[in-house]
Amino acid sequence: MFGRLGFDALPHDPVTIGGVVGGGLAVLGVVAAMTYFKKWGWLWRNWLTSLDPKKIGIMYIAVAVIMLLRGLADAAMLRAQQAIFATSASSPISPDLFQQVFSAHGTIMIFFVAMGVIFGLINLILPLQIGARDVAFPLLNSISFWLFVAGMVLINVSLALGEFSAAGWLAYPPLSGLEYSPGTGIDYWIWSLQIAGVGSLLSGVNFLVTIFTMRRKGMTLMKMPIFVWSVLGSMLLVAFAFPILTATLAMLSLDRTLGMHFFTSDLGGNPMMYVNLIWAWGHPEVYILILPAFGIFSEIVATYSRKKLFGYKSMVWAILAITVLSFTVWLHHFFTMGAGANVNAFFGIMTMIIAIPTGVKVFNWIFTMYKGKVSFKTPMLWFMGFAVTFTIGGVTGVLMAVPGIDYQMHNSLFLVAHFHNMIIGGVLFGVFAGITYWWPKFAGFRLHEGLGKAAFWCWLFGFWFAFIPLYILGFMGAVRRLDSYDPSLGWQGLFIVAGLGVMLILLGVFFQVVQVAYSIWKRKELAVGSDPWDGRTLEWATSTPVAEYNFAHLDAVQDRDAFWAAKQSKTKASTKFTDIALPKNTGTGAYVGAAAFVIGFAVIWHIWWLALLALLVLVGIVIASTLREDEDTEMIITAAEVAATEKRLRGAGA
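Here is a short report on the structure shown in this document.

Parameters at a glance
- Residues numbered from 1 in each chain as written.
- Predicted model: local features only at pLDDT ≥ 70, side-chain atom pairs only at ≥ 80, totals over all residues.
- Heavy atoms only, no water.
- Helix = DSSP H or I, 4+ residues; strand = E, 2+ residues; numbered from the N terminus.
- Rg over C-alpha atoms; globule rule 2.2 N^0.38 Å.
- Buried < 20%, exposed > 50% of the residue type's maximum accessible area, 1.4 Å probe, protein only.
- Contact = heavy atoms within 4.5 Å.
- Axes fitted to C-alpha atoms, helices over the stretch in contact; angles between N-to-C directions.
- Left-handed = near helix turned anticlockwise from the far one by under 90°.
- Nonpolar A, V, L, I, M, F, W, Y, C, P; charged D, E, K, R; others polar.
- Salt bridge = Lys/Arg side-chain N within 4 Å of Asp/Glu carboxyl O.
- 1 Å grid on protein atoms, 1.4 Å probe; cavity = no way out; pocket = protein on both sides within 12 Å on 5 of 7 lines; lining within 4 Å.
- Points joined across faces, edges and corners; volume = space filled by probe spheres on them.

Within the protein, the regular secondary structure consists of 21 helices and two strands. On C-alpha atoms alone, the protein measures out to a radius of gyration of 25 Å, which is about the 26 Å that the 2.2 N^0.38 rule sets for 654 residues. Taken across its 654 residues, the protein has 53% of its residues classed as buried. Long-range pairs, those at least 24 residues apart, make up 84% of the contacts in the protein with a sequence separation of at least 6.

Okay, here's the thing in structure tokens:
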């Protein structure tokens, strides 16, 4: 009746039990607090069922921050093992658990941290920057978020029931096949990614339609803010790359559950086909994450330099070039496969070429700052740290684009350091800059500068201390996924430095938590108006905090920096208000996410009757959502209510 699920699925090693107990107590504490303060109804009505993209964006970021803490805890465990226990016979972390933690860290940080914060910021900023009141498909947006949450919950359930994948964050066969991984670990990996990945694909379609159909009148494509262009490039990649991931995971799942042979070495299967497919998705995924970060930095540099962005058209073409070229470089991830000199040369050259449009952006940012009145607020510091760190990562990437060099560096810690240069120095630094920059728009007060700068310096130096030793260790022959090594190799000192770097990063996270808490406490002293940075784009034209309907008026725009132009011409906003229609809250997204979670869990444990039942429930929920009448899906905010809201918010944010 319960398939493979039994008492033997419970954790046995002390480290995992400690993690389950700690996480369980945290969840129970939150549940107890919500119950004591009687906030469950408020949470459901105002947040969990909301179709407001701003609230969905905040929930994305909240979930991603929780997963960031989990991912950092995993990273600390990995570095502690390599720095302290790797040269001794006794360690609290077994080799198998080390591989599970390694796999979970990579999966969490890419799928449930980086993707989460990027989609969160897009939900918050994209509709505002194009002058829209909503996204194209509000219900689909909610469903996408709850599928993301379902995948997140599923990957965390693997701590308490069963195990997680020990085959790395991309689960290459044959290691991920049934013969070498008969347990539930790979299945947890497959279904957490599959469910969250479908949500990402739906989000990509939603944002593309939003950009193409909901721009404010007068906003042609070449008048869109660069952040919107960066989202357009990123979502095009989502639309073309994520179906590859969905199909690949489906085939691997069929290999494991129905005995098929897509990726086995017998009966016509080919493990190398999996590697090609996973990287045909995997390398565009890097640009799915980094392009929005480029857009964030473009907005920040222009604002804090008090100049329009230098080379707007070249930035647009650079984004489009990266979007296209990102599908022509995947094979550099396995130059050692023996494809031949001609194939390796082509992909090596394409990898070098894709660095050119990225370099164009760096020079454009520098020229934007040139002769500008640059203000080095915290978001600008994150940009400066990014410019140095990301450039180092880019140079090492071009280095590995040479097949001969890559042959020596392949699977080494040099590659790990390069990848983290891109994701931490690029994506996370961009996200931290964006959150700090746009925080006042949604909260009504700015974040404390001193604590923000302390967090930045800890992250910057912590990152360098954590990953520069890995470049050196890569040259010395240290490979990734290494839980033990001979002390005579002389690696331990560098691993200890890397571990201290992780501790410094954790100190930076501590400063960020304190910064948010202190800023909330001192919010009256840190209160700002609707335009605290003297912004250039339409999001700064709204009230602070932003009303549910975003804009009271949808006046046509005439300029690329629409809000800046309106300020310079001293154009007065209209005082005539009209009724506004917005979608009503609904629990459909949460119900779909819950059903998807049950389907994934049931398939993992081979509880087939439960999987079928949950699938029928899911289909029923979707059908029911299409049968709702208009009066059940829309609410009207009257002109009088809009006028009252504008008066209240504009007065509070002035």
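On we go.
Where helix 5 (residues 138–160) contacts helix 18 (residues 588–604), the two axes come as close as 8 Å, and the packing angle between them is 35°. The two elements helix 5 and helix 18 cross, and the hand of that crossing is right-handed. Contact residues: helix 5 offers Leu139, Ser142, Ile143, Trp146, Leu147, Ala150, Val153, Leu154 and Val157, while helix 18 offers Thr588, Gly589, Ala590, Val592, Gly593, Ala596, Phe597, Gly600, Phe601 and Ile604. Split into classes, the residues belonging to the contact of helix 5 with helix 18 amount to 14 nonpolar, five polar and no charged.

Within the element layout of this structure, Leu615 appears in helix 19 (residues 608–626). Judged by relative accessible area, Leu615 falls into the partly exposed class, the value being 40%. The sequence separation of Leu615 and Ala596 amounts to 19 residues, and the corresponding C-alpha distance is 7.7 Å.

Here the structure, examined in full by the defined rule, presents ten salt bridges. Note that Arg4 is salt-bridged to Asp187, the shortest N-O span being 3.1 Å. With Arg4 in the segment before helix 1 (14–36) and Asp187 in helix 6 (residues 185–213), this pair connects stretches of sequence that are 183 residues apart. The class of Arg4 is partly exposed, set by a relative accessible area of 28%. With relative accessibility at 3%, the residue Asp187 sits in the buried group. Between Lys522 and Glu525 there is a salt bridge, with the nearest N and O atoms lying 3.6 Å from each other.

Right, let's get into empty space enclosed by the protein. Going through the model one piece at a time under the given rule, you end up with one cavity of 30 Å³ or more. Each pocket or cavity is described by its volume, and for the largest cavity that value is around 60 Å³. When its residues are assigned to classes, the lining of the largest cavity shows five nonpolar, no polar and four charged.

The peptide bond linking Pro173 to Pro174 adopts the cis configuration, its omega dihedral lying at 5°. Tracing the backbone shows Pro174 in the loop between helix 5 and helix 6. Residue Pro545 is bonded to the preceding Thr544 through a cis peptide linkage, with omega at -10°. On the secondary structure map, Pro545 appears in the loop between helix 16 (492–521) and helix 17 (562–569). One non-glycine residue, Lys38, adopts positive backbone phi at about 55°. Summarising the element assignment, Lys38 is placed in the loop between helix 1 and helix 2 (40–48). One non-glycine residue, Lys371, lies in the positive phi region at around 65°. A residue is classified by how much of its surface remains accessible, and Lys371, at 72% relative accessible area, is exposed.

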